[in-house]
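Structural features, examined
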Amino acid sequence: MSGTVTVTTTGGPGGGGCTATYSQVGSWPGGFQGQVSVANGTTPTTGWSVTLTFAGGQRITQIWNARTTQTAGPYTIVNESHNGAIPVGGTATFGFLGSWSGTNAAPTLTCARTP
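Criteria and thresholds
- Residues numbered from 1 in each chain as written.
- Predicted model: local features only at pLDDT ≥ 70, side-chain atom pairs only at ≥ 80, totals over all residues.
- Heavy atoms only, no water.
- Phe/Tyr/Trp six-rings, centres within 6.5 Å; stacked < 30°, edge-to-face > 60°.
- Helix = DSSP H or I, 4+ residues; strand = E, 2+ residues; numbered from the N terminus.
- Buried < 20%, exposed > 50% of the residue type's maximum accessible area, 1.4 Å probe, protein only.
- pLDDT = per-residue confidence, 0-100.
- Contact = heavy atoms within 4.5 Å.
- Salt bridge = Lys/Arg side-chain N within 4 Å of Asp/Glu carboxyl O.
- Pairing = 2+ DSSP bridges.

Topic: the packing of aromatic side chains
Going through the model one piece at a time under the given rule, you end up with 6 aromatic pairs. A ring pair is formed by Tyr 22 and Phe 96, whose centres lie 6.2 Å apart and whose planes are at 25°; its orientation type is stacked. Of the two residues, Tyr 22 is situated in strand β2 (residues 18-28) and Phe 96 in strand β7 (residues 91-99); the sequence distance between them amounts to 74 residues. A residue is classified by how much of its surface remains accessible, and Tyr 22, at 0% relative accessible area, is buried. Judged by relative accessible area, Phe 96 falls into the buried class, the value being 0%. Their ring planes at 75° and their centres at 6.4 Å tell us that Phe 54 and Tyr 75 sit as a pair that is edge-to-face. Here the residue Phe 54 occupies a position in the loop between β4 (47-53) and β5 (59-64), and Tyr 75 occupies one in strand β6 (residues 75-78), the gap between them amounting to 21 residues. Judged by relative accessible area, which is 11%, Phe 54 ranks as buried. On the basis of relative accessible area, Tyr 75 is assigned to the buried category, the value being 0%.

Structure (structure tokens):
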């Protein structure tokens, strides 16, 4: 069982930074549900991305409120058109289902924003 992981980055054009927080919503033998909240910093953003890197070989099998083209990690998750613009201090959330074998440790996250 993994807990919550938070990472804050200040990268990306235009400054302002973003924070990505991962929470495991549920877990069962061979599967789990994860959720990531993306919080914007001090300037409005028109888009964001979060890179999830799983150490235990976990795979994302379904995703909502975001998208990715990868079928194996590390996954670069990008906003949908309806949740890319985040105001100052605002948040966007996406969720996913995943599979695992062996261990199900929390991923490392990297958050990036676009002005």
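Structure shown, so let's carry the discussion forward.
Focus: the confidence of the model for the chain
For the chain, per-residue confidence averages 87 on the pLDDT scale, and residues scoring 70 or more make up 86% of the total. Predicted confidence for residues 7-14 stays below pLDDT 50, and this span has 19 contacts to residues more than four positions away or in other chains.

Observations regarding the pattern of salt bridges
Per the stated rule, a full pass over the model turns up 1 salt bridge. With its nearest N and O atoms 3.6 Å apart, the salt bridge here joins Arg 67 to Glu 80. Placement of the pair is Arg 67 in the loop between β5 and β6 and Glu 80 in the loop between β6 and β7, with a sequence separation of 13 residues. When its relative accessible area of 25% is taken as the criterion, Glu 80 is described as partly exposed.

Let's talk about the pairing of strand β3 (residues 31-40)
With 10 bridges joining them, β2 and β3 adopt antiparallel strand pairing. Among the inter-strand pairings, Trp 28 is bridged to a residue of β3, identified as Gly 31. The antiparallel pairing of β2 with β3 creates a hairpin that spans 2 residues between the two strands, and Gly 30 there sits at a positive phi of about 85°.

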